[in-house]
Amino acid sequence: MLYKVTAMMRHLINKRFLLALAAALFFAVPAMAYDDADVDPPTRDEIAKWRSAAEQNDPEAQFNLGEAYLKGDGGLAQSDMEAAHWYYKSAMQGFSDAQFAMGFVYRGGGGIPMNKVLSYMWFDLAAKNGDYRAYSLRNDVAWSMTESEIEEARKRSRSWEPVTEVTVPMPY
C-alpha cells in the first residue's frame, strides 16, 4: 500500500513540475528584456551602453547584460556564471525580472549549485514584486523542501532589503 501511495505522489509531483515548467516557459517569453521574436538581438554598441549603465548600478541594464551573457548575444561569449553575476546585482536592487532569474539560477541551472532555500527566496521576492510567474515556481520548489528549509527561505525573504550598490559577492 505504501508503495502505491509513494508512486502516486511521484506521479503527481512530476505532473505538477511539468505544468509549472510549461507555465514558466509560456509566461517567460514576454517578460524578458529582448527575448521577443520582433526584437533583434543587441548589437555590440547596445552591449557597451548596457555595460556602462550596469557598472553605474542600473538594475535594468544589469539584467539586460545578464540576458546577453546567458544567450551569448552582442559579441559576448555565452557564460551562465557571468549571467548569474549580473542577475544577482540587479536582483539585489529589487528588479523583479532579475529576482525571477535568480530563482532559476538557484533551482539548478547554469553551473551554479542548486540551493532550494535561495531559489524559493528569490521566487518569493519576485512574486512579492508582482511577478505572477514566480508564484507557481516558488510553490513548485517548496514541494522538494523540508519544512525547516521552507521556514528558512521565508525568513530570508522577510528580512531581505534592496540595496543600491552590491558589494557582497553572490553566494554559491
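Right above here is the structure, for reference.
Keep in mind the model is a prediction, meaning the values are calculated, not measured.

Student: Looking at this structure, how should I read the overall build of the chain?
Tutor: If you tally the helices and strands in the chain, you get eight helices and zero strands. Written out in order from the N terminus, the α and β elements of the chain read α-α-α-α-α-α-α-α. Every one of the 172 residues in the chain was classed for burial, and the buried ones make up 40%. Looking at the chain alone, contacts between residues at least 24 apart form 61% of all its contacts between residues at least 6 apart.

Student: Would you take a moment to explain helix α4 (residues 80–91) for this structure?
Tutor: Because the α-helix completes a turn every 3.6 residues, residues three or four places apart line up on one side. The terminal C-alpha atoms of α4 lie 16 Å apart, and with twelve residues this matches the ideal 16 Å at 1.5 Å per residue to within 8%. Among the residues of α4, those classed as buried are A83, A84, W86, Y87, Y88, K89, S90 and A91. In this fold, the buried residues of α4 make contact with α2 (44–55), α3 (59–71), α5 (96–108) and α6 (116–128).

Student: Please clarify how the nonpolar core should be interpreted in this entry.
Tutor: Generally speaking, soluble globular proteins have nonpolar side chains that are buried together. Membership of the largest hydrophobic core comes to 29 residues, with the highest contact counts inside it found for L65, Y87, Y88, M102, Y106, W122 and M170. Contributions of two or more residues to this core are made by α2, α3, α4, α5 and α6. At six residues, α4 tops the list of elements feeding residues into this core. Those residues within four positions of L65 in sequence are excluded, and the remaining contacts are I47, W50, R51, A54, L76 and W86. Listed in part, the 13 residues of the second largest apolar core include F100, A142, I150 and A153.

Student: Sorry, what's going on with the packing of α5 against α6 here?
Tutor: Helix-helix packing is described using two parameters, namely the angle between the two axes and the distance between the axes. Running from N to C, α5 and α6 cross one another at 160°; their axes reach a closest spacing of 8 Å. Judged by the angle between their axes, α5 and α6 are roughly antiparallel. In this structure, α5 crosses over α6, and the sense of that crossing is left-handed. Facing S96, Q99, F100, M102, G103, F104, Y106 and R107 of α5, the residues of α6 in contact are K116, L118, S119, W122, F123, L125 and A126. Taken together, the residues of the contact of α5 with α6 sort by class into nine nonpolar, four polar and two charged.

Student: How should I be thinking about helix α8 (residues 147–159) in this particular structure?
Tutor: Between its first and last C-alpha, α8 extends 18 Å over 13 residues, near the 18 Å set by a 1.5 Å rise per residue. Among the structural elements, α6 and α7 (133–142) are those in contact with the buried residues of α8.

About the thresholds
All residue numbers refer to positions counted from 1 along the written sequence of the respective chain. For this predicted model, a pLDDT threshold of at least 70 governs which residues receive local features, and a threshold of 80 or more governs which side-chain atom pairs are given and counted, while totals over whole chains, interfaces and linings are taken from all residues. The basis for the side-chain values is all heavy atoms of the structure; hydrogens and waters are excluded. Here a strand is any run of E in DSSP of at least two residues, a helix any run of H or I of at least four, and the numbering for each starts at the N terminus. Residue burial is assigned from relative accessible area. The probe radius is 1.4 Å, only protein chains are included, and a residue is buried under 20% of its type maximum, exposed over 50%, and partly exposed in between. We call two residues in contact when some of their heavy atoms are within 4.5 Å. Helix span, as expected, comes to 1.5 Å for every residue beyond the first. Think of a nonpolar core as a cluster: buried Ala, Val, Leu, Ile, Met, Phe, Trp, Tyr and Cys residues, connected wherever their side-chain atoms sit within 4.5 Å. To get an axis, fit a line to the C-alpha atoms, keeping to the stretch in contact for a helix; angles then go from 0 to 180 degrees between the N-to-C directions. In what follows, roughly perpendicular refers to angles from 65 to 115 degrees, roughly parallel to angles under 35, roughly antiparallel to angles over 145, and oblique to any angle outside these ranges. Each crossing gets its hand from how the near helix is turned against the far one by less than a right angle, where anticlockwise is left-handed and clockwise is right-handed. Any residue outside Ala, Val, Leu, Ile, Met, Phe, Trp, Tyr, Cys, Pro, Asp, Glu, Lys and Arg is labelled polar, Gly included; the first ten of those are nonpolar and the last four are charged.

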